[in-house]
Amino acid sequence: MEAITHSRGDTFPIGELSRLTGVNIETIRYYERIGMLPAPPRSEGGRRVYDHHHTRVLAFIRRGRELGFTLDEIKALLALGGPERAPCGDVREIAARHLDDIRAKITDLRKLERLLGQTIDRCEGGTAPECPVLDILSPEPRRRA
């Protein structure tokens, strides 16, 4: 993502917003449709015209997604006033719930790591009917020949 160099008074089209933020044009339109990114004013020709605020909000959304926040969580953060005005206590509550989710996922991944490691250790490299890796991946118990 390039540094944002526009002055606060500048406006620019959606392609420039996409280039500045690294967010796909269709994704920008999607965020507008679901109310995460404010709808921009339009030029006399009917084209969307974005400004610094849109760039900041979109960068906030993108970074939130990179950190694993759901769209609903990011929407809640934006509803609190966005990146510049959200009350820290409310933001902390959302972040704490997200941290709990991350910790639960880490616990599940550690269990999966152990199970998969043990399964691989049992694998003798034989034929498919005796493969323990295929056994744990199969939705139903596999019948051995």
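Residues numbered from 1 in each chain as written. Predicted model: local features only at pLDDT ≥ 70, side-chain atom pairs only at ≥ 80, totals over all residues. Heavy atoms only, no water.

- The name that an unreviewed UniProt entry assigns to the chain is Helix-turn-helix domain-containing protein, with the source organism given as Microvirga splendida.

## Points about the packing of aromatic side chains
Piece 1. Counted by the stated rule, this structure contains 1 aromatic pair.
Piece 2. Both rings, one in Tyr 30 and one in Tyr 31, keep their centres 6.1 Å apart while their planes meet at 50 degrees; by these two values the pair is tilted.
Piece 3. On the accessibility criterion, Tyr 30 (34% relative accessible area) is partly exposed.
Piece 4. When its relative accessible area of 9% is taken as the criterion, Tyr 31 is described as buried. (Phe/Tyr/Trp six-rings, centres within 6.5 Å; stacked < 30°, edge-to-face > 60°. Buried < 20%, exposed > 50% of the residue type's maximum accessible area, 1.4 Å probe, protein only.)

## Examining the nonpolar core
Piece 1. Membership of the largest hydrophobic core comes to 18 residues, with the highest contact counts inside it found for Ile 28, Tyr 31, Leu 37, Tyr 50, Leu 58 and Ile 61.
Piece 2. Looking at this core, the elements with two or more residues in it are helix 1 (14–21), helix 2 (25–33), helix 3 (52–66) and helix 4 (71–79).
Piece 3. Excluding anything up to four places from it in sequence, Ile 28 contacts Ile 14, Leu 17, Ser 18, Val 23, Leu 37, Tyr 50 and Leu 58. (Core = buried A, V, L, I, M, F, W, Y, C linked by side-chain atoms within 4.5 Å. Helix = DSSP H or I, 4+ residues; strand = E, 2+ residues; numbered from the N terminus. Contact = heavy atoms within 4.5 Å.)

## Overview of the confidence of the model for the chain
Piece 1. Confidence in the prediction for the chain averages 84 pLDDT; 85% of positions are at 70 or higher.
Piece 2. Per-element averaging of pLDDT across the chain places helix 5 (residues 82–85) at the bottom with 66 and helix 2 at the top with 96.
Piece 3. Predicted confidence for residues 1–8 stays below pLDDT 50, and this span has 13 contacts to residues more than four positions away or in other chains. (pLDDT = per-residue confidence, 0-100.)

## What to know about the pattern of salt bridges
Piece 1. If you walk through the whole model with that rule in mind, you get 6 salt bridges.
Piece 2. Its salt-bridge partner being Glu 16, residue Arg 19 comes within 2.7 Å of it at the nearest N-O pair. Of this pair, Arg 19 and Glu 16 are both found in helix 1, 3 residues apart, which corresponds to roughly one turn of the helix.
Piece 3. A salt bridge links Glu 66 to Arg 62, with the nearest nitrogen and oxygen atoms 3.3 Å apart. (Salt bridge = Lys/Arg side-chain N within 4 Å of Asp/Glu carboxyl O.)

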